[in-house]
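# Per-entry structural report
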Amino acid sequence: MARPNEEVAAVLQEYAGLLAITGQDAFKARAYEKAARAVAGHPADIGRLDEADLRQIPGVGRSIAGKITEYLETGRIPALEETRTQIPPGVRELVAVPDLGPRKAMTLHRELGVSSVDELAAAARAGRVRDLKGFGERTEAHILHGVELMRQAGDRILLDAATGIAGEIAAALREVPGCADCAPAGSLRRMKETVGDIDILVAARDPGPFMEALTRLPLAAETVVHGDKKTSVRTSAGLQVDLRVLPPEAWGSGLLYFTGSRAHNVRVREIAVRHGLKLSEYGLFDAETGKPVASAAREEDLYAALGLPWIPPAMREDRGEIAAALRGELPGPVTVDDLRGDLHTHTDLTDGVASLEDMAAAAARRGYSYWAVTDHAPGLAMQRMTDEKILRQREQLRALARRHRGMRLLHGAELNIDEHGGVDWPAEFLAGFDVCVASVHSHFGLGRREQTRRLVRACENPHVHIIGHPTTRRIGRRPGIDADLDEVFAACARTGTALEINGSPHRLDLRDEDILRARRYGVRFAVDSDAHSTAELDQVRYGVGTAQRGWLTTDDVINTWPPARLRRFLRKDRARAD
DNA sequence: GCCGTTTTCGGCCCGACTGTTTTCAGTCG
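Report follows, based on the coordinates. Please read these numbers as outputs of a predicted model, since none were measured by experiment.

## Overview of the protein's contact with DNA strand B
- Taken together, 36 residues lie around DNA strand B, and Gly 101, Gly 136, His 142, Arg 384 and Arg 478 are the ones closest in.
- In the environment of DNA strand B, a phosphate oxygen lies 3.4 Å from a nitrogen or oxygen atom belonging to the backbone of Ser 63.
- One of the backbone nitrogen or oxygen atoms of Lys 104 is found 3.1 Å away from a phosphate oxygen of DNA strand B.
- At the level of elements, α2 (26-41), α4 (62-74), α7 (102-112) and α9 (137-153) are the ones that each hand at least two residues to the surface near DNA strand B.

Below you can see the structure in the form of structure tokens.
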């Protein structure tokens, strides 16, 4: 059973959203939001905490602790259910449209009866939105554009959500007697940034019990297909889950086939055809006789039978991986185990939910050789950072270092790149940090030349080591800024500035195609979690998946390097001597 | 609704930007 923290956080978040829409005390809504974040990021399983323990979580007081207990015991919160009856479910979805907040969503519902994103799009297209008080033609156009953005992400879900659901299903299916193996395949296994449906593969003699088990899972709201070879269900959120069961001797060929991508499979099958063979999900066969020519139990053996090394799933996109493999030049991509540290994390000094001590301890538990805390700099006004606060944190960190002999504690900051490419602090002050990440958090609408210029200038700053989430896109919410990335890549290579691969599943920035391009310039990368809680340190797995999709090796990724080599890189001017 | 080496009441996450306004509401990071 998964930790209930996420489920409770979602319920609190929903309540916060409803309170905001109903126009109640904004501070109350914010209090629930804060509690939701704290619960999601709380290291302990809240299902094991009593009310007094719950109140120890920052942001959780008497009222919220009571509601959490109520929910854990009965699965319900009457106050929430009461509020739900006032707002149709579709209205809450409206705030997912960029530029639409709770107030406008409520106005649209009250004045036009809009209660879903589809109805909103229809009203905007019909020109009925522009006449509302506080709205206008431009707002109407923004709304349509926002809906379009959401549609582009389509019904696809983010990698972390897909990973969670697939993990839950796989765990349940592994409990079914006769299960020899079970794993997610498809775009999830390839670590694509979003996942359209979930493919699960099982190795077993008798498919029946697995098909049955899938349809009986609590999250299976509806059965779409129920057969011997394949069963599909849909979750209440509309996500389709496909289950295939194959005999154990076809596990490898099944995994290969259902992992895809389709384009990669076509290429592999072409090679088989050239060898007079036929590759399917059931194995590798002689095209003439139909006799199996290789063991199909493992992917490795099938690739080998075709003269290929095993190709990591994240690289199976028909982007030249097969040609590279045939030449013996396929890079061995970076793995989570290769990471020796994390260079972008936050604490509760700014918008994180865990203390410096807890974050350091969690990083140490991951076995890191080094770890950087990089809280927000003063330019992001809402975080209220000051020189005094960051210097006090530095002292705390230095003191804490005595408790972490095996892990080097680096003091850093996440600077804000202003519209001209400047950052928050002057050089003398920046020189006091061990590592500086610089990120864009404002002025998303500048023109291409200005955006390029500010990023290049940030690279040229000798105290900026890493450009954080370089395009600043939010998947399904906001496109990246319009900059000439090639010029930025060249500047990074020239100045010895690393580009971040931000592991937050909402960002995954840089994205895979841009990484492939950037590495040709000789750019180095940092795969970071951007964790705002101890649990989020694990987000590096999605960053690593993205790095693999960009063919990066340990040599490309600075936080796989031993401390001495990293230290040389952080002395920026001498980085190219490496 | 939460929280307290300035407070058990009165603060809380501030400032910029956008579009719709004619002084400001709403949204975002």
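Resuming the write-up.
## Side note on the sheet that holds strand β12 (residues 408-416)
- Read across the open sheet, the seven strands follow the order β10-β11-β12-β13-β14-β15-β16; overall the sheet is parallel. This sheet does not close on itself; its edge strands, each paired only once, are β10 (341-342) and β16 (525-528).
- Running over the sheet, helix α24 (residues 563-570) touches β11 (370-376), β12, β13 (435-439) and β15 (498-502) and is turned about 30° from β12.

## Thoughts on the nonpolar core
- Counting 57 residues, the largest nonpolar core has Trp 371, Leu 415, Trp 425, Leu 499 and Phe 525 as its most contacted members.
- When residues no more than four places from it in sequence are discounted, the contact partners of Leu 499 are Ile 466, Ile 467, Pro 470, Phe 489, Cys 492, Leu 510, Ala 518, Val 523, Arg 524, Phe 525 and Ala 526.
- If you look at the next biggest cluster of nonpolar residues, it comprises 45 residues, including Leu 12, Ala 16, Leu 54 and Ala 105.

## Some points on the pairing of β13
- The element β13 is largely enclosed, with a buried count of five among its five residues.
- Both faces of β13 are covered, namely the face carrying Val 435, Val 437 and Ser 439 and the face carrying Cys 436 and Ala 438.
- Bridge analysis of β12 against β13 gives five bridges, and the strand direction is parallel. Residue pairing for β13: Gly 412 is matched across the bridge by Val 435.
- Here β13 pairs with strand β14 (residues 466-467) via two bridges, running parallel. Looking at β14, one finds that Ala 438 is bridged to Ile 467.

## Notes on unusual backbone geometry
- Cis geometry is found at the peptide bond from Gly 260 to Ser 261, where omega equals -5°.
- Mapped onto the elements of the fold, Ser 261 is located in the loop between α13 (251-259) and α14 (262-274).
- In this structure, the amide linkage connecting Asp 509 to the following residue, Leu 510, adopts the cis form with an omega of 5°.
- Relative to the elements of secondary structure, Leu 510 occurs in the loop between β15 and α22 (512-519).
- Backbone geometry places His 443, a non-glycine residue, at a positive phi of 55°.
- Within the secondary structure, His 443 is located in the loop between β13 and α20 (448-460).
- According to the relative accessible area criterion, His 443 is partly exposed, its value standing at 36%.
- With a phi close to 55°, Asp 530 is a non-glycine residue in the positive phi region.
- Tracing the backbone through its elements, the reader meets Asp 530 in the loop between β16 and α23 (540-549).

Reading the values: rules and limits
Residues numbered from 1 in each chain as written. Chains lettered and ligands numbered in written order. Predicted model: local features only at pLDDT ≥ 70, side-chain atom pairs only at ≥ 80, totals over all residues. Heavy atoms only, no water. Near = heavy atom within 4 Å. Polar contact = N/O pair within 3.5 Å; in protein donor to acceptor, adjacent residues only side chain to side chain. Helix = DSSP H or I, 4+ residues; strand = E, 2+ residues; numbered from the N terminus. Pairing = 2+ DSSP bridges. Contact = heavy atoms within 4.5 Å. Axes fitted to C-alpha atoms, helices over the stretch in contact; angles between N-to-C directions. Core = buried A, V, L, I, M, F, W, Y, C linked by side-chain atoms within 4.5 Å. Buried < 20%, exposed > 50% of the residue type's maximum accessible area, 1.4 Å probe, protein only.

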